[in-house]
Amino acid sequence: MGYQGNRCRICTGCGRCAPDGSLEKGMRTITASFCLPRKADVEKTGRELAIADLGTTTVAMEWYDSRGEKRGEYVCANPQRVFGTDVISRIQAAENPMLRRQMGQLARQTLAEGVRSFRQQGGNPERLIVAGNTTMLYLLLGHDPAPLGTAPFAAKYLTSEKREIEGMETVTLPGLSAFVGGDITAGILVCGMDTEEEITLLVDLGTNGELALGNREKILCCGTAAGPAFEGGGDVWGADMIALTAHLMRQGLVDDTGLLAEPYFEQGISIGGVQITQERIRQLQTAKAAICAGINTLIAAYGLTGAEQVSRVFLAGGFGYFLDVEAAVELGLIPQGLEGRVTAVGNTALAGAWLYGDTVDGEKRAERLCQRAQVLNLAGRQEFESSFVDAMYLHRI
């Protein structure tokens, strides 16, 4: 395994590097969505629009003209990262009112910079639509996120709200709970889960794993804490860690309990300059067990007899785009009953923000969704606890 450009410190055979070894455009941050509805199938508002995915790690924005055609994009790191790399650390920092105001100002300044960039390119968007997890939207809007970080994790502000940024009306997508935010509302909308008859599953993986299962009759959602494993750690991305761990298992260097073989147990094993330690593997086990158990709990709560009754699985975001699905099934991240029906759909938060702001029925669909979608609290659910224990093993589930 060799060094592959700036994204990978190891080669996992994903095949996504350009033939000359250079990186594809947008490899670090996925802005495109692969499930946008055909323009002919929706009635557009005819307004020039800016949209944003206000992520914990990255802020991604796009500009669409009055015909609904994409004209530009703007991507940068979320400057709030100086206050912590995850939502929990941001919530803790926000206990200080001055830091809370600073985080809100940073979010608004970043969005304003994106809008100015579009204007410099000749654009004149009339509205800015913002999707994001509940904590990021709380900070943007100036709400105290403290209740989101302590039981019972009550979210008081989940409806769409309006502000003004860079002289422009700015609208946030409504969320569903403290840990299922407007970015998941956007994903459900753009994947058509609220309008289709077939039962589908949306999986958005990061520090928090957000899941939605259902169809036009019923939608169940949940959030499950995955920890840092899927975000990667400096020298290896989370999706690469999945592929690498599967490779080590095939070589007999890791067993199904996650134990590294001797002589690698104490110091780990170095591959392509990346040190894979026992601690990293344990983090991955915990993260993938939480996601797999969350999926199985949703399936059971929905009343399905097994994963085979789910017609399609949508993997959202950069992690899903780069994920080796075969390796994910092999390790038990994705239940094997879903194998063969998994599709990477890119940035559904941005795509759903476009749908919400630039189609005539986008807002109405979101309102209906928020009224009828149910959010499960996985804490204390027996099926989640039992499934989590089994999913800690590295094998097909």
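Refer to the structure printed above.
Rules used in this analysis
Residues numbered from 1 in each chain as written. Predicted model: local features only at pLDDT ≥ 70, side-chain atom pairs only at ≥ 80, totals over all residues. Heavy atoms only, no water. Phe/Tyr/Trp six-rings, centres within 6.5 Å; stacked < 30°, edge-to-face > 60°. Buried < 20%, exposed > 50% of the residue type's maximum accessible area, 1.4 Å probe, protein only. Lys NZ or Arg CZ within 6 Å of the ring centre and 35° of its normal. Helix = DSSP H or I, 4+ residues; strand = E, 2+ residues; numbered from the N terminus. Contact = heavy atoms within 4.5 Å. Polar contact = N/O pair within 3.5 Å; in protein donor to acceptor, adjacent residues only side chain to side chain.

Visitor: A description of the packing of aromatic side chains should follow, citing residues and the corresponding values.
Guide: Applying the stated criterion to the full structure yields six aromatic pairs. Ring plane angle 80 degrees and centroid distance 4.9 Å describe the contact between Tyr321 and Phe322, whose orientation is recorded as edge-to-face. Phe322 carries the same exposure label as Tyr321, and that label is buried. Here Lys218 stacks its cationic end above the ring of Tyr302, 4.3 Å away from the centre of that ring.

Visitor: How would you summarise the environment of Ser311 if you had to cite specific residues and measurements?
Guide: Along the chain, Ser311 falls in the loop between α6 (278-302) and β12 (312-316). Residue class for Ser311 comes out partly exposed when judged on its relative accessible area of 30%. Counting along the chain gives 31 residues from Ser311 to Val342, while the straight-line C-alpha distance between them is 9.4 Å. Apart from residues lying up to four places away in sequence, Ser311 is in contact with Glu198, Ile199 and Arg341.

Visitor: Give a detailed account of the side chain of Gln80, specifying residues and quantitative values.
Guide: Relative to the elements of secondary structure, Gln80 occurs in the loop between β3 (70-77) and α1 (87-93). Classification of Gln80 as buried rests on a relative accessible area of 1%. Engagement of the side chain of Gln80 in a polar contact is seen with the side chain of Arg90, the distance being 3.1 Å.

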